[in-house]
Amino acid sequence: MNALETASAWLGEGRKVALATVIETWGSAPQPVGSQLVVDAEGNFEGAVSGGCVEGEVISQAQELIAKGGPKILEFGVADETAWRVGLACGGRIKIYLETVV
Amino acid sequence: MKAELLNRLLEARRQRRAVAMVTNTATGEQRIVPRSEAAAGSEFDKAFRFDKAAMAGDEFIAIYNPPLRLVIIGAVLIAQSVIPIAQSCGYDVTVIDPRGAFASAARFPNVSLCADWPQDVLPKLGLDARTGFMALTHDPKIDDPALELALKSDVFYIGALGSRKTQAARHERLSKMGFDDVTRTRISGPIGLSIGAVGASEIAVSVMAEMTKALRLGLS
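Residues numbered from 1 in each chain as written. Chains lettered and ligands numbered in written order. Predicted model: local features only at pLDDT ≥ 70, side-chain atom pairs only at ≥ 80, totals over all residues. Heavy atoms only, no water.

**Notes on the packing of aromatic side chains**
Any two aromatic rings considered together are summarised by their centre-to-centre distance and by the angle between their planes. Evaluated as defined, the whole model comprises one aromatic pair over all chains. The side chain of A:R93 reaches across the aromatic face of A:W26, ending 4.5 Å from its centre. A cation over a ring is seen here: B:R99 above B:F102, with NZ or CZ 3.9 Å from the ring centre. (Phe/Tyr/Trp six-rings, centres within 6.5 Å; stacked < 30°, edge-to-face > 60°. Lys NZ or Arg CZ within 6 Å of the ring centre and 35° of its normal.)

This is how it looks when you write it as structure tokens:
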């Protein structure tokens, strides 16, 4: 099941859902542009936007978005101040579009 | 994303229709555009062909192509080795072989299996641009009618098992059936990249590498 099918199934169960999509990458990136991750309010997730490097941060941002609403752009990379916490060990940079599905 | 747009994306996927979702990342506005609106050979059309989502100004163009599909003619040993690799690369696999003893569910679990002649099955299946095709039986009686239908379709890859001598004889037969030289160059045969593969498993690696190359880079 891909991220969209999961999002649809979860919505059908009455769960609140956010969708993260990789919209740009620079340098090496394990997941191509267009890769998607679906998250619910409890932090359950399916899919991937990186090799596991930034998923944790994306999930917590997604939970916040579900509570507050509105789309948001997230950016991760080695130059990021959060590099130690959620940086990409591969040296790449990625931009992610985060939105709720309502 | 509105749930209504999500439902339309999923419906397109079920009906094997290629669509793009265009998102204005500044405003959050979204719309769905079918591939049929992309002019042949345009950048937008190429984005579909090569599965390349990308930003264009403030807009993100997400490509939703139908799921990849692999049709294998011949419930043979190499097919058994190709299937798990193809499935891990995201292909839905269909195996067709009119020989019931070959096309047994015990030998081919977890795939769509048809113990019928390819010419009876393929028209119903609908060979499209998101489908790869392999003729693996070595038997012209089974392979040729299937190759004929593959050559008349938009499949992105056509591989045919057999030595250079077998290929030459095959090309002669297909030529007599009316397929010109250019059309017949769509057939990759002997099948697979030349990596010195020994045995069915390594041949499967070379075949999957060749099909992946055709999918990602096109035939060249």
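**A short note on the pairing of strand β6 (residues 92-96) of chain B**
All names here are of chain B. Summarising burial for β6: four of the five residues are buried, a large majority. Both strand β5 (residues 69-73) and β6 contribute to a ladder of five bridges, which runs parallel. Note on β6: the bridge partner recorded for I73 is I96. Regarding the hand of the β-α-β motif, the stretch spanning β5, helix α3 (residues 77-88) and β6 is right-handed. Alignment of β6 against strand β7 (residues 112-114), held across three bridges, turns out to be parallel. Opposite T94, over in β7, you have S112 as the bridge partner. (Buried < 20%, exposed > 50% of the residue type's maximum accessible area, 1.4 Å probe, protein only. Helix = DSSP H or I, 4+ residues; strand = E, 2+ residues; numbered from the N terminus. Pairing = 2+ DSSP bridges. Right-handed = clockwise from strand over helix to strand, strands pointing away.)

**As for the interface of chain B and chain A**
Every contact between the two is made by 18 residues of chain B and, on the other side, 21 residues of chain A. Applying the counting rule to chain B against chain A returns one salt bridge. Notably, a salt bridge pairs B:R13 with A:E5, separated by 3.5 Å at the nearest N-O pair. At the boundary of chain B and chain A, one finds six residue pairs in polar contact (both at pLDDT 80 or more). Looking at the side of chain B that touches chain A, the elements that each hand over two or more residues are α1 (3-14), β1 (19-24), β3 (54-56) and β4 (59-64) of chain B. Tallying contributions element by element places α1(B) first for the side of chain B that touches chain A, with six residues. A breakdown of the residues in the side of chain B that touches chain A according to their chemical character gives ten nonpolar, six polar and two charged. (Contact = heavy atoms within 4.5 Å. Salt bridge = Lys/Arg side-chain N within 4 Å of Asp/Glu carboxyl O. Polar contact = N/O pair within 3.5 Å; in protein donor to acceptor, adjacent residues only side chain to side chain. Nonpolar A, V, L, I, M, F, W, Y, C, P; charged D, E, K, R; others polar.)

**Side note on the side chain of B:N65**
Residue and element names in this part refer to chain B. Structurally, N65 can be placed in the loop between β4 and β5. What makes N65 buried here is its relative accessible area of 9%. Separated by 2.8 Å, the side chain of N65 and the backbone oxygen of F48 make a polar contact. Setting aside anything within four residues of it in sequence, one finds N65 in contact with R13, A18, F48, D51 and R130.

**Notes on a nonpolar patch on the surface**
Together, B:L193, B:I195 and B:V205 line one region of the surface with nonpolar side chains, adding up to about 240 Å² of accessible area. Counting through the fold element by element, B:V205 comes out in helix α8 (residues 199-217). (Patch = residues over 30% accessible without salt bridge, like charges linked within 9 Å, V, L, I, M, F, W, Y side chains within 5 Å. Areas by Shrake-Rupley, 256 points an atom, 1.4 Å probe, with all protein chains shown as cover.)

**Re the environment of B:S153**
All names here are of chain B. Position of S153 relative to the elements: it lies in the loop between α5 (140-151) and β9 (157-160). Relative accessible area serves as the criterion here: at 13%, S153 is assigned to the buried category. Spatially, the C-alpha atoms of S153 and G28 are 39 Å apart, while their sequence positions differ by 125 residues. Residues in contact with S153, not counting those within four places in the same chain, are L127 and R186.

**Considering the domain arrangement of chain B**
Residue and element names in this part refer to chain B. By domain assignment, chain B separates into domain 1 (3-64) and domain 2 (69-217). Computed from C-alpha coordinates alone, the two centres of domain 1 and domain 2 are separated by 30 Å. Taking both partners together, domain 1 and domain 2 bury about 580 Å²; carbon and sulfur atoms supply 28% of that area. One can count three salt bridges joining domain 1 with domain 2. Between D51 and R130 there is a salt bridge, and its shortest N-O distance comes to 3.1 Å. Looking at the side of domain 1 that touches domain 2 residue by residue, the classes come out as one nonpolar, no polar and three charged. (Domains from an automatic or database assignment. Buried area = accessible area lost by both parts, 1.4 Å probe.)

**Focus: unusual backbone geometry**
Residue and element names in this part refer to chain B. With an omega of 0°, the peptide bond running from G189 to P190 counts as cis. Within the secondary structure, P190 sits in the loop between β10 (187-188) and α8. Although it is not a glycine, H138 adopts a positive phi angle of roughly 75°. Topologically, H138 is positioned in the loop between β8 (131-135) and α5.

**Here's the deal with helix α4 (residues 118-125) of chain B**
Residue and element names in this part refer to chain B. Where α4 is concerned, the buried positions are P118, V121 and L122. The buried residues of α4 occupy an angular sector of 100° when the element is viewed end-on, so they sit on one face. α4 presents P123 and K124 as exposed residues on the side facing more than 90 degrees away from its buried surface. Where α4 is buried, its residues contact β5, β6, β7, β8 and α5. Of the residues one or two after α4, G126 is the one with positive phi, at around 75°. (Arc of directions from axis to C-beta.)

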